[in-house]
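For reference, the chains in residue letters:
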Amino acid sequence: MSEKVMHDVHTKEIDLVNRDPKHLNDDVVKIDFEDVIAEPEGTHSFDGIWKASFTTFTVTKYWFYRLLSAIFGIPLALIWGIFFSILSFLHIWAVVPCIRSYLIEIQIISRVYSISIHTFCDPLFEAMGKVFSSIRASVRKEI
């Protein structure tokens, strides 16, 4: 095989610009100053206070997120990596084989049940149908 066909998913290039290519957090964490703090018409603070508040909120959110990411990012990535590897392992080696085994076993029961119904119930219902087929009902309205 050529070098381009085989590649390792663990050493692939990551996009440092678009860090959410599948848009997992589009509706959750896109919170800006205007989404949290707003002054309605007729109730405005001083322009300088409003600008300082905007800057304080934005810078604090940016740097505190970076600080939390630096402190907890790698340990949480480790924990989530372990969690999803265990989840994958259980799914591959336990859940899917159990479900497949169940489907194989239930298929045998289904065949036995179907044969039993066709053997015992079909003749009974067919006979009952012939007995009751000669019954005629009519509705008359008498005045």
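Residues numbered from 1 in each chain as written. Predicted model: local features only at pLDDT ≥ 70, side-chain atom pairs only at ≥ 80, totals over all residues. Heavy atoms only, no water.

Trainee: So what exactly am I meant to see when it comes to the packing of aromatic side chains here?
Mentor: For any pair of aromatic rings, the description consists of the separation of the ring centres together with the inter-plane angle of the planes. The tally for this structure, following the rule as stated, stands at seven aromatic pairs. By way of ring pairs, the aromatic residues Phe33, Trp50, Phe54 and Phe57 are connected into one cluster. A cation sits over an aromatic face here: Arg66 above Trp63, 5.4 Å from the ring centre. (Phe/Tyr/Trp six-rings, centres within 6.5 Å; stacked < 30°, edge-to-face > 60°. Lys NZ or Arg CZ within 6 Å of the ring centre and 35° of its normal.)

Trainee: I would appreciate a short explanation of the layout of surface pockets in the present structure.
Mentor: There is about 1100 Å³ of room inside the largest pocket. Arg19, Asp20, Asn25, Val29 and Tyr65 are the residues nearest the centre of the largest pocket, which is lined by 17 residues in total. In terms of residue class, the lining of the largest pocket is built from six nonpolar, four polar and seven charged. (1 Å grid on protein atoms, 1.4 Å probe; cavity = no way out; pocket = protein on both sides within 12 Å on 5 of 7 lines; lining within 4 Å. Points joined across faces, edges and corners; volume = space filled by probe spheres on them. Nonpolar A, V, L, I, M, F, W, Y, C, P; charged D, E, K, R; others polar.)

Trainee: Which parts of the structure should I look at to understand the UniProt feature "transmembrane region" (unreviewed entry) in the chain?
Mentor: When the UniProt feature table is mapped onto this chain numbering, "transmembrane region" (unreviewed entry) sits at residues 63–96. A helix fraction of 100% and a strand fraction of 0% characterise residues 63–96, whose end C-alpha atoms lie 44 Å from each other. (UniProt positions renumbered as here; feature names shortened; annotations may be inferred. Helix = DSSP H or I, 4+ residues; strand = E, 2+ residues; numbered from the N terminus.)

Trainee: Which parts of the structure should I look at to understand the pattern of salt bridges?
Mentor: Close approach of charged atoms lets side chains of opposite charge pair. Counted according to the given criterion, the structure contains one salt bridge. The closest approach of N and O atoms between Lys130 and Glu126, which form a salt bridge, is 4.0 Å. In this pair, Lys130 and Glu126 both sit in helix α2 (residues 47–132), four residues apart, roughly one turn of the helix. Among the residues examined, Lys130 registers a relative accessible area of 60% and is labelled exposed. (Salt bridge = Lys/Arg side-chain N within 4 Å of Asp/Glu carboxyl O. Buried < 20%, exposed > 50% of the residue type's maximum accessible area, 1.4 Å probe, protein only.)

Trainee: Looking at this model, I keep getting lost on the environment of Asp20. Mind explaining?
Mentor: Note on placement: Asp20 falls in the segment before α1 (33–36). Residues contacting Asp20, with those up to four places away along its chain left out, are Asn25 and Asp26. (Contact = heavy atoms within 4.5 Å.)

Trainee: Even after reading the chapter, I still don't get α2, so can you show me in this structure?
Mentor: One turn of an α-helix holds 3.6 residues; hence residues three or four places apart share an orientation. Look at α2: only 91 Å from first C-alpha to last across 86 residues, short of the 128 Å you get at 1.5 Å a residue. For α2, the principal kink sits at Phe72 and spans about 50°; a proline, Pro75, occurs within the next four residues. (Expected span 1.5 Å × (residues − 1). Bend = angle between axes of the 7 residues up to and from the residue.)

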